[in-house]
Protein chains: 2
Amino acid sequence: MILLYHLWLSPGCRKVRLVLAEKKLDFEMQIEKVWQRSSEFLALNPAGEVPVLIDEDGSKVCGSQVICEYLDEMYGPAPMIGTGAVERAEVRRLIQWFDGKFQAEVIANLVDEKIMKRFLGLGEPNSNAIRAGGRNIHVHLSYIEWLIDRRTWLAGEDMTLADLTAAAHLSCVDYLGDVPWEDHPAAKDWYARIKSRPSFRGLLADHIPGAPPPKHYADLDF
Amino acid sequence: MILLYHLWLSPGCRKVRLVLAEKKLDFEMQIEKVWQRSSEFLALNPAGEVPVLIDEDGSKVCGSQVICEYLDEMYGPAPMIGTGAVERAEVRRLIQWFDGKFQAEVIANLVDEKIMKRFLGLGEPNSNAIRAGGRNIHVHLSYIEWLIDRRTWLAGEDMTLADLTAAAHLSCVDYLGDVPWEDHPAAKDWYARIKSRPSFRGLLADHIPGAPPPKHYADLDF
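Residues numbered from 1 in each chain as written. Chains lettered and ligands numbered in written order. Predicted model: local features only at pLDDT ≥ 70, side-chain atom pairs only at ≥ 80, totals over all residues. Heavy atoms only, no water.

### Considering the side chain of Glu32 of chain B
Residues and elements named next belong to chain B.
And step 1. As for its placement among the helices and strands, Glu32 is situated in the loop between strand 2 (27-31) and helix 2 (39-44).
And step 2. Within the buried core, Glu32 has no salt-bridge partner, and the shortest N-O distance to an opposite charge, that of Lys33, equals 9.5 Å.
And step 3. For Glu32, the residues in contact, after removing those within four places along its chain, are Tyr5, His6, Leu7, Ser38, Phe41 and Val50. (Helix = DSSP H or I, 4+ residues; strand = E, 2+ residues; numbered from the N terminus. Buried < 20%, exposed > 50% of the residue type's maximum accessible area, 1.4 Å probe, protein only. Lys, Arg positive; Asp, Glu negative; His and termini not counted. Salt bridge = Lys/Arg side-chain N within 4 Å of Asp/Glu carboxyl O. Contact = heavy atoms within 4.5 Å.)

### Notes on the pattern of salt bridges
And step 1. Applying the stated criterion across every chain yields a total of 30 salt bridges over all chains.
And step 2. The residue Glu69 of chain A makes a salt bridge to Arg92 of chain A at a minimum N-O spacing of 2.7 Å. On the criterion of sequence distance, the pair formed by Glu69 of chain A in helix 3 (residues 64-74) and Arg92 of chain A in helix 4 (residues 85-119) is long-range, its members being 23 residues apart.
And step 3. In this structure Glu69 of chain A comes out as buried when scored by relative accessible area, which is 2%.
And step 4. Among the charged side chains, a network of salt bridges with common partners joins Glu69, Glu73, Arg88 and Arg92 of chain A together with Glu69, Glu73, Arg88 and Arg92 of chain B.

### Details of the domain arrangement of chain A
Residues and elements named next belong to chain A.
And step 1. What the domain assignment reports for chain A is domain 1 (2-74) and domain 2 (85-218).
And step 2. Taken together, the contacts link 16 residues of domain 1 with 28 residues of domain 2.
And step 3. Between domain 1 and domain 2, a total of about 1900 Å² is buried, with carbon and sulfur atoms accounting for 67% of that surface.
And step 4. Ranking the residues of domain 1 by area buried against domain 2 places Leu9, Arg14 and Leu18 at the top, with a combined share of 36%. (Domains from an automatic or database assignment. Buried area = accessible area lost by both parts, 1.4 Å probe.)

### A few points about helix 6 (residues 161-175) of chain A
All names here are of chain A.
And step 1. A rise of 1.5 Å per residue sets the reference length of helix 6, with its 15 residues, at 21 Å; its end C-alpha atoms lie 21 Å apart and thus fit the reference within 8%.
And step 2. By the criterion of burial, helix 6 is predominantly enclosed, with 15 of the 15 residues buried.
And step 3. Of the residues one or two after helix 6, Gly177 is the one with positive phi, at around 75 degrees. (Expected span 1.5 Å × (residues − 1).)

### What to know about the sheet that holds strand 4 (residues 60-62) of chain B
Residue and element names in this part refer to chain B.
And step 1. Reading across from one edge, 2-1-3-4 is the order of the four strands in this open sheet, with mixed pairing throughout. Edge positions in the sheet fall to strand 2 and strand 4, since each has one partner strand and no second. In this sheet, neighbouring strand axes are inclined to one another by 20 degrees on average, regardless of whether the strands run parallel or antiparallel.
And step 2. As defined by bridge partners, strand 1 (residues 2-6) adjoins strand 3 (residues 52-54) across three bridges and the pair is classed as antiparallel. In the sheet register, Leu4 faces strand 3, and the bridge partner there is Leu53. (Pairing = 2+ DSSP bridges. Axes fitted to C-alpha atoms, helices over the stretch in contact; angles between N-to-C directions.)

### Observations concerning the relation of the copies chain A and chain B
And step 1. Screw-axis analysis of chain A against chain B gives a translation of 0.0 Å along the axis, an RMSD of 0.0 Å, and a rotation angle of 180 degrees. Taken together, the turn and the small shift mark the pair as related by a two-fold rotation axis. Closest to the rotation axis within chain A is the C-alpha of Gly100 of chain A, separated from it by 4.9 Å.
And step 2. Looking at chain A, 100% of its interface residues are interface residues in chain B too, so the copies touch through the same face. (Least-squares fit on C-alpha atoms with pLDDT ≥ 70 in both.)

### Considerations on the interface of chain A and chain B
And step 1. Facing the 19 residues of chain A at the interface are 19 residues of chain B.
And step 2. When chain A packs against chain B, the two sides together hide about 1700 Å² of surface, and 69% of this comes from carbon and sulfur.
And step 3. The largest contributions to the chain A side of the interface with chain B come from Val66, Glu73 and Arg92 of chain A, which together make up 26% of the buried area.
And step 4. Across the contact surface, chain A and chain B share six salt bridges.
And step 5. When the shortest N-O distance is used, the salt bridge between Glu73 of chain B and Arg92 of chain A registers 3.2 Å.
And step 6. Viewed at the interface, chain B and chain A are joined by four residue pairs in polar contact (both at pLDDT 80 or more).
And step 7. Broken down by secondary-structure element, the contributors of at least two residues to the side of chain A that touches chain B are strand 4 (60-62), helix 3 and helix 4 of chain A.
And step 8. Among the elements that line the side of chain A that touches chain B, the one with the most residues is helix 4 of chain A, at eight residues. (Polar contact = N/O pair within 3.5 Å; in protein donor to acceptor, adjacent residues only side chain to side chain.)

### Topic: the sheet that holds strand 4 of chain A
All names here are of chain A.
And step 1. Sheet architecture is open: four strands sit in the order 2-1-3-4, paired in mixed fashion. Each edge of the open sheet is held by one strand with a lone partner, namely strand 2 (27-31) and strand 4. Strand-to-strand twist across the sheet, computed as the mean angle between neighbouring axes with direction ignored, equals 20 degrees.
And step 2. Direction of pairing for strand 1 (residues 2-6) relative to strand 2: parallel, over a ladder of five bridges. Looking at strand 2, one finds that Leu4 is bridged to Met29.
And step 3. Its contacts with the sheet put helix 1 (residues 11-22) on strand 1, strand 2 and strand 3 (52-54), and the angle it makes with strand 1 is roughly 160 degrees.

Written out as structure tokens, the structure is:
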């Protein structure tokens, strides 16, 4: 069976879980405390980061976008990155938007400050960072709304890895109760569409010991 | 003709230039001073970053890895990202290593501090950052040597986008004269192989007004 090394509130790991579920691939998950820098794990991935996927034949694949491209090339049914070079470039542009900009402007300020610091015993969250993350997320939700006003899904008429990537990131912030859905009703509608997909169930069942999610997190009618 | 919006010492832009040259595609370049945040450019790429490529048919493609995947899907002759999902995953893992880790640990500390700060009038370079970049680069050169000790090129038996990506990053540091080649002879041999490719000529001809490269930069026998 496919094995996925992961961490709970890692958007990259969640994105891979969504793709595996969309492709109806069975997989097991193993938490990897990357900060312990175990030599066994560093031998798997010298970058020392999750996600790492071990395929059934033993192939090891490192990094969230690399894994998603690999799964799309290896496994059906439908391509998650779209068809046609121009469409694929638009899907990948939006993936990069969330894995790059959203990660730096929102995830690092909210999730890393509130959760990672606490679990690693790195002290109190930086309140300036949390305020910045809270401001920045509006820009991204507005951008989602701008896209959804023009398209059915973020990258076009079909649901793609761009939607799954954006939703994986937002789901981490939503686990903290920090997504201002009320200010962005169109983004909320789009998220509700993704959240109700069967592939999302695993994410909604996550429950980190000592850091339970707010009530609305797993509610499809939030 | 293909148009590439770029900046001189951007590893991502250099990587795209190498791929275009390897594929023997004619292109024009236009400098985009991204810090001016012109509305015309933001309309092309809302992320406000280079590289952005406008293909002959008007398709716009944003972001260095997105552009390289696009060019590989659109244009021959040989795929730069390898063949077979496992091989492609290894190429992409190494690309991510350099675009992620090398960028953060070396480029941000050396190139951004020494060049970008100066051109943007952001004050003196941070000497701690420069020292950190100077220490970090050894790890990456050693990793290149570890790979080259086991393989002909970074990702396997063929030259791929992993080599071009690593070389594009190193070429920016080499423009500053900050690559400690003498401590890493095997990495130097590998770089010499890439540097002597016809696709590299454009990069070696770069000459930034007010910041000339050291003498060895364009020398194939450095």
